[in-house]
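Architecture and fold: a report
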Amino acid sequence: MLEMTREEFEELVAEALDRIPPELTRLMDNVAVFVEDEPPAEDPDLLGLYEGTPLTDRGEWYAGVLPDRITIYRNPTLRMCGTREDVVAETEVTVVHEIAHHFGIDDERLHALGYG
């Protein structure tokens, strides 16, 4: 497995977030991004997870709820990547993929766009 500290990986996630166009980040609402080492035991290869209510599903009822949660998992990413450059690229794809879920884009469409 490729070696990278939690702090280095968190920085890569922050850099990937910084590359999201400002026009999109301004539209993001009530969402928090976290880094964890391992995904749930039932899905050990999971790279990222979006939990919440996509913007497209929110209505007048949406108020006073906890933020949506995007989690990026460090160790599965490091296990699947051979180089630091691979980690940078995969982290960016994963961050974009999970943010797209916040905007209501499903996995099928993301795969078609190359963010599978």
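Up top you'll find the structure we're talking about.
Everything in this summary refers to the structure shown in the same document. Remember, predicted model here, so these are calculated numbers, not experimental data.

1. A word on the environment of Tyr115
Within the secondary structure layout, Tyr115 lies in the segment after helix H5 (107-112). For the pair Tyr115 and Val93, spaced 22 residues apart in the sequence, the C-alpha separation amounts to 5.8 Å.

2. Some details on helix H4 (residues 84-102)
Because the α-helix completes a turn every 3.6 residues, residues three or four places apart line up on one side. Counted at 1.5 Å a residue, the expected span for H4 with its 19 residues is 27 Å, and the 27 Å between its end C-alpha atoms agrees. Turning to H4, its buried residues number three or more, namely Val87, Glu90, Thr91, Thr94, Val95, His97, Glu98, Ile99, Ala100, His101 and His102. Tucked into the core, H4 has its buried residues touching helix H1 (6-18), strand S1 (31-36), strand S2 (48-51), strand S3 (68-73), helix H3 (74-80) and H5. One or two steps after H4, the chain reaches Gly104, where phi turns positive at roughly 90°.

Rules used throughout
Residues numbered from 1 in each chain as written. Predicted model: local features only at pLDDT ≥ 70, side-chain atom pairs only at ≥ 80, totals over all residues. Heavy atoms only, no water. Helix = DSSP H or I, 4+ residues; strand = E, 2+ residues; numbered from the N terminus. Expected span 1.5 Å × (residues − 1). Buried < 20%, exposed > 50% of the residue type's maximum accessible area, 1.4 Å probe, protein only. Contact = heavy atoms within 4.5 Å.

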